[in-house]
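Observations on chain architecture
Here is what each chain is made of, one letter per residue.
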Amino acid sequence: MADIEIPDSTKAALQALADDAGVPLGDYLARVAEEKERERALAIGAEEFRRVIADPATVAAFDEAFGGPAPAQHAPRAA
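Our subject in this report is the structure included herewith. Given the structure is predicted, the values throughout are model-derived calculations rather than measurements.

**Re the overall build of the chain**
Within the chain, the regular secondary structure consists of three helices and zero strands. For the chain, the C-alpha radius of gyration of 24 Å lies well beyond 12 Å, the compact-globule estimate for 79 residues. If you line up the chain on its principal axes, its C-alpha atoms span 60 × 40 × 20 Å. Of all 79 residues assigned to the chain, the portion counted as buried reaches 5%. Working note: accessible area of the chain is about 7,100 Å², and carbon and sulfur atoms make up 60% of it.

**Some words on the packing of helix 1 (residues 8-21) against helix 2 (residues 25-53)**
One can describe the packing of helix 1 onto helix 2 by two numbers: an axis separation of 9 Å at closest approach and a directional angle of 90 degrees. Regarding the angle of helix 1 to helix 2, the classification is roughly perpendicular. Along the contact surface, helix 1 presents Lys 11, Leu 14, Gln 15, Leu 17, Ala 18 and Ala 21, while helix 2 presents Leu 25, Tyr 28, Leu 29 and Arg 31. The residue inventory of the contact of helix 1 with helix 2, partitioned by class, reads seven nonpolar, one polar and two charged.

**Looking at the pattern of salt bridges**
Across all of its chains, the model carries two salt bridges by this definition. For Lys 36, the salt bridge goes to Glu 39, with nearest N and O atoms at 3.1 Å. You can see Lys 36 and its partner Glu 39 sitting in helix 2, three residues apart, about one turn around the helix. On the basis of relative accessibility, which here comes to 48%, the residue Lys 36 falls in the partly exposed class. Judged by relative accessible area, which is 38%, Glu 39 ranks as partly exposed. Taking the shortest distance from any N to any O, the salt bridge between Glu 48 and Arg 51 comes out at 2.7 Å. Residue Glu 48 and its partner Arg 51 are located together in helix 2, separated by three residues, close to a single helical turn.

Rules of the game
Residues numbered from 1 in each chain as written. Predicted model: local features only at pLDDT ≥ 70, side-chain atom pairs only at ≥ 80, totals over all residues. Heavy atoms only, no water. Helix = DSSP H or I, 4+ residues; strand = E, 2+ residues; numbered from the N terminus. Rg over C-alpha atoms; globule rule 2.2 N^0.38 Å. Buried < 20%, exposed > 50% of the residue type's maximum accessible area, 1.4 Å probe, protein only. Areas by Shrake-Rupley, 256 points an atom, 1.4 Å probe, with all protein chains shown as cover. Axes fitted to C-alpha atoms, helices over the stretch in contact; angles between N-to-C directions. Parallel < 35°, antiparallel > 145°, perpendicular 65-115°, else oblique. Contact = heavy atoms within 4.5 Å. Nonpolar A, V, L, I, M, F, W, Y, C, P; charged D, E, K, R; others polar. Salt bridge = Lys/Arg side-chain N within 4 Å of Asp/Glu carboxyl O.

Structure representation (structure tokens):
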């Protein structure tokens, strides 16, 4: 991979973060890249989850195949 140019202030900020984490800058940047990849995967998964549960037919098919949610358990309470 070719070297990239970043402003000195950005490099200094990243170096300070790496120093605080006690790792070399390259290792720190690899960790940041992995974290950002996980965040992106979670965002995509959450978006797909919202899309699927917004479709009543899909929810009904799931409930039919796997059973719906268990009824809520309510314990009586004294007033």
